[in-house]
Amino acid sequence: MMKIAKEHLPRLFAALAKQIDLLLPAQQAEVVNFAPFCPDAEIDLTTLKTANTPKHFFLPQVEDLYTAAVNAGQISISAADTPIKPFAIFGVRACDAAALDVLDSVYLSDPIDQFYQTRRQAGCIITLACEKPTASCFCTAFGINPTEPCGDITTWLTDDVLYWQPNTEKGDKITELVADLLQLTDESPAQDISENICLPLDKFNPDNLLALFNAPNWQDLSVACIACGACTFVCPTCQCYDITDFDTGTSITRYRCWDSCLYSDFTQMAHGNPRTTQAERFRQRFMHKLVYHPANNDQYGCVGCGRCVAACPAGLNIVKVIKKLEVAGNV
C-alpha cells in the first residue's frame, strides 16, 4: 500500500499526464464527465456518478469500421486506422469497474472484438472507493462492494490522504511512473459504507425464465415508457449497436453506433421487427439484464449504478421493475 497527501494530488495528476493520456472526473457545463487532464480543470472526486462512463472510451458511441471504394473497376477495402495510445482513467467507481467486466464478457469472448480489445489493452483503470451512496445507488444488491473496487489500481480518498494500491501488472507499470511521489505505508484505509438499496433478486435467474417472461405485469410497467432510449445510453453495461453505411460520394464508410432495444427498429430483419410492441421491447431490456445475461455469463447485466433511475423522464427503471414483479407474486 502507498499513499500521497491529498494536497499533492495536482502534482500526481500532472506527473501522470506527462507520461500517459490521463482522464479524470471534471466539472463540465454543470455536469461531471471523465475528461483529459488539464491543469486548469475543476477536478471532482466527490461526485459518484459521472455523466459519461468508462464505456465511452472502450466502446465509442460512433466508430468507423472500414471504408470501401471502387477505382477503375476494382473494389478496395481499408480497415479504419485507429491507433490507440496508452491511457489511464482515474476515479472509476466500483460499479463502473464491474460494468467493464460485463462488457469484457461480451466483447472479449470468441469472436473477439478487435476494436474493443485494442482499447482495453491500452487502458488502465484506476478505481476510487466510495464513501457514501447516493439515493439512487444500489450496487450492493448485485454483490459489488463500493469500498473495495477492482481495477488495475485501487485508491481510497480520506480527508487528507489518497491511498494507492496497484493490483495488476498494468497497475504496477503506471505506479512506477509516479513512484517518487508515493510513500510506502503500513496503514490501511478504514472505510465503511451504509447499505444502499436492497433488491429481491433471488427469483431473477434462468430457472424462472418462463415465469418472468410470461408475467402479466410487463404491459402495465411499459405503458409509461416513451422509448426515448435514455436509460440505455447512460447505462455503463449496455452493449448493443447498429451498423450503418455512409456514402461519402467517392466511397462507402461502414460504421457502428450505439443502439437501444427500446427502439421499434432495433434488430430489424428482412421480415420486420421480432418484437412488435413496446411491452415486448421493454421486457427485452430487463430480461436481458436480469436473466439472459446471467444465464450466459454467470453475472447480472446491471451493476446498480443508478444512472437509469435519474435519466428516465417517465420514472421507470430496473429497481421498479424488480420490485413490481416480486410484489405481484409472478415469480
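Up top is the structure.
Residues numbered from 1 in each chain as written. Predicted model: local features only at pLDDT ≥ 70, side-chain atom pairs only at ≥ 80, totals over all residues. Heavy atoms only, no water.

1. Thoughts on the nonpolar core
The condition is simple: Residues grouped as a nonpolar core are buried Ala, Val, Leu, Ile, Met, Phe, Trp, Tyr and Cys residues, joined through side-chain atoms within 4.5 Å. Exposure categories follow from relative accessible area, calculated using a 1.4 Å probe and restricted to protein chains: below 20% of the type maximum is buried, above 50% is exposed, and the middle band is partly exposed. Note on contacts: a residue pair is in contact if any heavy atoms of the two residues lie within 4.5 Å.
Formed by 26 residues in total, the largest nonpolar core has its most connected members in F142, W218, F282, L290, I318, I322 and L325. Here F142 is in contact with L199, L201, L290, Y300, C302, V303, G304 and I322, once residues within four sequence places are set aside. I4, L16, I20 and L162 belong to the second-largest nonpolar core, a separate cluster that totals 24 residues.

2. Things to note about unusual backbone geometry
Backbone geometry follows two general trends: most residues other than glycine have a negative phi, and most peptide bonds adopt the trans configuration. Short version of the rule: Runs of E in the DSSP output that reach at least two residues are strands. Runs of H or I that reach at least four are helices, and both are numbered from the N terminus.
Note that the residue after D110, namely P111, is joined by a cis bond; omega there is 0°. Look at E30: it is not a glycine, yet its phi comes out positive at around 70°. Turning to its location among the elements, E30 is positioned in the loop between β2 (21-28) and β3 (31-36). Judged by relative accessible area, E30 falls into the exposed class, the value being 80%. A positive phi angle, close to 60°, is found at D298, a residue other than glycine. Positionally, D298 belongs in the loop between α9 (278-297) and α10 (307-311).

3. Some remarks on a negative patch on the surface
Stated precisely, the cut-off is as follows: Exposure above 30% relative accessible area and the lack of any salt bridge qualify a residue for a patch; like charges then connect within 9 Å, and the nonpolar side chains Val, Leu, Ile, Met, Phe, Trp and Tyr within 5 Å. Here, Shrake-Rupley sampling with a 1.4 Å probe gives the accessible areas, and only protein chains in the shown set may cover a residue. Salt bridges are defined as contacts in which a side-chain nitrogen from Lys or Arg sits within 4 Å of a carboxyl oxygen from Asp or Glu. As used throughout, the charge tally considers Lys and Arg to be positive and Asp and Glu to be negative, leaving His and the chain termini uncounted. All charge positions are set by atom: Lys at NZ, Arg at CZ, Asp at CG, Glu at CD.
Together, E7, E131, D159 and D160 give the surface a local cluster of negative charge. Looking at the secondary structure, you find D159 in the loop between β8 (153-157) and β9 (161-166).

4. Remarks on helix α5 (residues 169-177)
Residue pairs spaced three or four apart in an α-helix point in one direction, given the helix's 3.6 residues per turn. Stated formally: Each C-beta atom gives one direction from the helix axis, and the arc is the one those directions make.
Taken residue by residue, α5 has G171, I174 and T175 as its buried positions. For α5, the angular spread of buried residues about the axis comes to 105°, placing them on one side. Every exposed residue of α5 that faces more than 90 degrees away from the buried side is listed here: E169, K173 and E176. On its buried face, α5 is in contact with β1 (2-5), α1 (9-19), β7 (123-128), β8 and β9.

5. A short note on the packing of aromatic side chains
Formally: Note on aromatic pairs: the rings of Phe, Tyr and Trp (six-membered ring only in Trp) are paired at centre separations within 6.5 Å, and the planes decide the class, stacked below 30 degrees, edge-to-face beyond 60, tilted for the rest. A ring is considered to have a charge above it if a Lys NZ or an Arg CZ atom is located within 6 Å of its centre and within 35 degrees of its normal.
Applying the stated criterion across every chain, the model contains 11 aromatic pairs. Both rings, one in F282 and one in F286, keep their centres 4.8 Å apart while their planes meet at 55°; by these two values the pair is tilted. Pair noted here: F282 and F286 are both in helix α9, with a separation of 4 residues, about one helical turn. Exposure class is identical for F282 and F286. Each is buried. The structure contains a cluster of three or more aromatic residues connected by ring pairs, namely F58, F87, Y107, Y116 and Y241. Here K55 stacks its cationic end above the ring of W258, 4.3 Å away from the centre of that ring. R285 extends its terminal NZ or CZ atom over the ring of F286, reaching a point 5.6 Å from the ring centre.

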